[in-house]
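Geometric and topological summary
Listed below, chain by chain, are the residues.
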Amino acid sequence: ITTNMECAVDAQSLISISLMKIHNSRTQRGGIKLHKNLLVSYVLRNARQVYIKEKYAEIYRMQQYEEVRTVCNEIQELNPLDLDSEDADDEDQARAACCGDETSLCHRGAAQPAVHVRAPSTLLGCCPFEDSSKESEPCEYRSCCMEASPVSHFDPFSADNIRHCNKTTVLDLDTHVVTTVENGYLHQDCCCDALQGGQGAQSPAKKRKGEFGGCVSEAEDVSDFTAARKRAKREDCSYSNPDYTETSNISNLISIFGSGFSGLLSRQADLEQICSKQALAGLGAWTRAIVAF
Amino acid sequence: MKCFSRYLPYLFRPPSTILSSTCHTEADIISTVEFNSSGELLATGDKGGRVVVFQREQESKSQPQRRGEYNVYSTFQSHEPEFDYLKSLEIEEKINKIKWLPQQNAAYFLLSTNDKTVKLWKISERDKRPEGYNLKDEDGRIKDPSTITSLRVPVLQPMDLMVEATARRVFSNAHTYHINSISVNSDLQTFISTDDLRVNLWNLEITDRSFNIVDIKPANMEELTEVITSAEFHPQQCHTFAYSSSKGSIRLCDMRQAALCDKHCKYFEEPEDPSTRSFFSEIISSISDVKFSHNGRYLMTRDYLTVKVWDLQMENKPLETYQVHDYLRGKLCSLYENDCIFDKFECVWNGSDSVIMTGSYNNFFRMFDRNTKRDVTLEASRENSKPRAILKPRKVCVGGKRRKDEISVDSLDFSKKILHTTWHPHENIIAVAATNNLYIFQDKVN
């Protein structure tokens, strides 16, 4: 999708705007306009695709960084060795693994995203790079860093970085998170907001698909919309955590509409399917690559 | 390209509005305009559910250069706001479309529709009234029979012309979704009404029954991917109609094939250019209006940025594409935020199918000459209103350097939009609705 726009097109803000439009259409005179809401849902889908792609890319970068850190530790324990830059194959696996991680985020069903601190730890189990012998402490940092991408120019495959990864201070320009890397250990100086929006969007979509499908009303037309929105409202109330922001409410609405227009979303569902398959295939190879060093 | 002059600064506002152009009620916003088949009458519908019909003055022999003006002929309340108790929904009284029936006797007939109900109105003149009743006096009071001593036959006496509008038929309860268009068949016996998912066929005489001829509602509403945006009968072939979709496609259907015309006989669609893909691609490709040419050989469609002319014999791409306001392509994000991207512009053919016209923002409207390939942008505004003045072509500046008379894209007023226009069937007279004002322009007479 080209963003040939005069104004800065931010996928996330488009998602919020679209949801607000759908929400407002409930109270518009004359009833919900099917055509307009359908068009808004297309924008929502497009924005969500871009948003997810961006998140994938971010997580991929994060994973690369984490992987290098892991390798650093391994190297320091075993032998100081050069790591050749990955060939394309491994990169694909890395990507797949990243997708796999993302998918496992999906299936994790972040049922309690309200609890900010705990959410990351529930994701730890699906970290593909985790070795059983690893200490759990770095993983906490890792999950915090899911949101914060390392500084963009950091090339995890550069030989220099791997050799000299003693202490680096990293400022993420997007989230303003300052990160210090010391001897392979990552210290997060300050954590940005949890990725409730993105995470929330993924899991409830899977979870609620069944719900929505099961509740298809016999009555036609706009009652479908009304039902979807009523459900969204109920879910909103279940999160009593005061930290739960507007984004979280919106993420619930995203999931409702995710399941609401499954015809539009079939492509997205396919993408996730493919990712999980690739992830499973790629995981083993990646772990083997690590152990080899 | 002929110049369009304004014969007179003809501005119409319904009687109840405040006279200032900046202050008007929502109900006065014109929502549809339509000439009848002779061009003698012009009907407008507004958001308040009212219909105002104008009639062209007979040309006077003493002033042959003075073309007939359009004056108010009849005003009536066509639709009232309603409430659907079952769904707890208010039904707007806004008139979505008006379509005239060809004249068959002294009276005029038109169909007007809101979101749910179509009505057939008869507009007739009364210039005589019976006088001399025996049992009641001139005021209508019943006379005491005992006072009557003689009998007389009532006679018709001339009276001031009165134009009456009466609702002759009400076609209701056939649409779950919002009606977006109506179209009278060339057989003059049937018409279709179209909502987001269905097209229904009616007989003008029968109100308690209609036949569903197109139904695109999926079994599972979650799988909905497109809606019907407009439908029209072919001008000559009474068995053919076309309907446009939100996905930018047009389907031509033949009612002789099957009772349910879900299977189209022609499918018109232009493949999307992947290089222009954006968040809003689906919105801007949605067709807002479809019109057959008068000769029945072409179809014209309007989407957000373009007007396309299709040859009925060629389905894979349009014959002609005209850019209405391509400078808006870079502004789609803000147009999405302020909802302008959902505006449904209409398009019209002139009588000879050589020129097409459509509206834009800032009270601009555009005309494209299909033969010379020239186009012009004109503005409907009171500032330019001088009697017999020639409308000056306008230009939107897209680049950096703005010439003296040009207007920059950022200065466009998006609240002033021309969505509804109509062209006289035979002459170069156009009616343009700009919010609550109606402008009627005529070609310069030489």
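The sections below set out a description of the structure shown in this document. Since the structure is predicted, the reported quantities are computational estimates derived from the model, not experimental observations.

Along chain A, the regular secondary structure elements total 10 helices and three strands. Written out in order from the N terminus, the α and β elements of chain A read α-α-α-α-α-α-β-β-β-α-α-α-α. For chain A, the residues scored as buried account for 53% of the 293 residues in total. Here the contacts in chain A between residues at least 6 apart in sequence split such that 72% fall between residues at least 24 apart.

Turning to unusual backbone geometry, a few remarks are in order. The residue Asn173(B) is not glycine, and still its phi comes out positive at about 60°. Its place among the elements puts Asn173(B) in the loop between strand S12 (155–171) and strand S13 (181–184).

Take the pattern of salt bridges next. All names here are of chain B. Per the counting criterion, the structure on display carries 35 salt bridges over all chains. Close ionic contact of Arg-251 with Glu-226 constitutes a salt bridge, the shortest N to O distance being 3.3 Å. Of this pair, Arg-251 sits in strand S19 (residues 250–254) while Glu-226 sits in the loop between strand S16 (206–215) and strand S17 (228–233), placing them 25 residues apart in sequence. Of the two residues, Arg-251 and Glu-226, neither departs from the other in class, the shared state being buried. Between Arg-394 and Glu-379 there is a salt bridge; the shortest N-O distance is 2.2 Å.

In this model, helix H2 (residues 34–77) of chain A (44 residues) spans 62 Å end to end at C-alpha, consistent with the 64 Å of a helix rising 1.5 Å per residue. For H2(A), a buried count of 38 out of 44 residues is recorded, marking the element as mostly surrounded by other parts of the structure.

All names here are of chain B. The final tally for this structure, using the stated rule, is 20 aromatic pairs over all chains. Geometrically, the ring pair formed by Phe-35 and Tyr-70 is edge-to-face, given 5.8 Å between the ring centres and 65° between the ring planes. Here Phe-35 is found in strand S3 (residues 30–35), whereas its partner Tyr-70 is found in strand S6 (residues 70–77), with 35 residues between them in sequence. The pair formed by Phe-35 and Tyr-70 is uniform in burial state, with each residue classed as buried. Aromatic rings pair up to connect Phe-279, Phe-280, Tyr-336 and Phe-342 into one cluster.

Residues and elements named next belong to chain B. Most of strand S28 (residues 375–379) sits inside the fold, with four of its five residues counted as buried. Where strand S27 (residues 364–369) meets S28, five bridges bridge the pair, whose relative direction is antiparallel. Each bridged residue has a counterpart across the sheet, and for Phe-368 the counterpart in S28 is Asp-375. Taking the residues between adjacent antiparallel strands as the criterion, S27 and S28 are bridged by five residues, where Lys-373 takes a positive phi near 65°.

Analysis parameters
Residues numbered from 1 in each chain as written. Chains lettered and ligands numbered in written order. Predicted model: local features only at pLDDT ≥ 70, side-chain atom pairs only at ≥ 80, totals over all residues. Heavy atoms only, no water. Helix = DSSP H or I, 4+ residues; strand = E, 2+ residues; numbered from the N terminus. Buried < 20%, exposed > 50% of the residue type's maximum accessible area, 1.4 Å probe, protein only. Contact = heavy atoms within 4.5 Å. Salt bridge = Lys/Arg side-chain N within 4 Å of Asp/Glu carboxyl O. Expected span 1.5 Å × (residues − 1). Phe/Tyr/Trp six-rings, centres within 6.5 Å; stacked < 30°, edge-to-face > 60°. Pairing = 2+ DSSP bridges.

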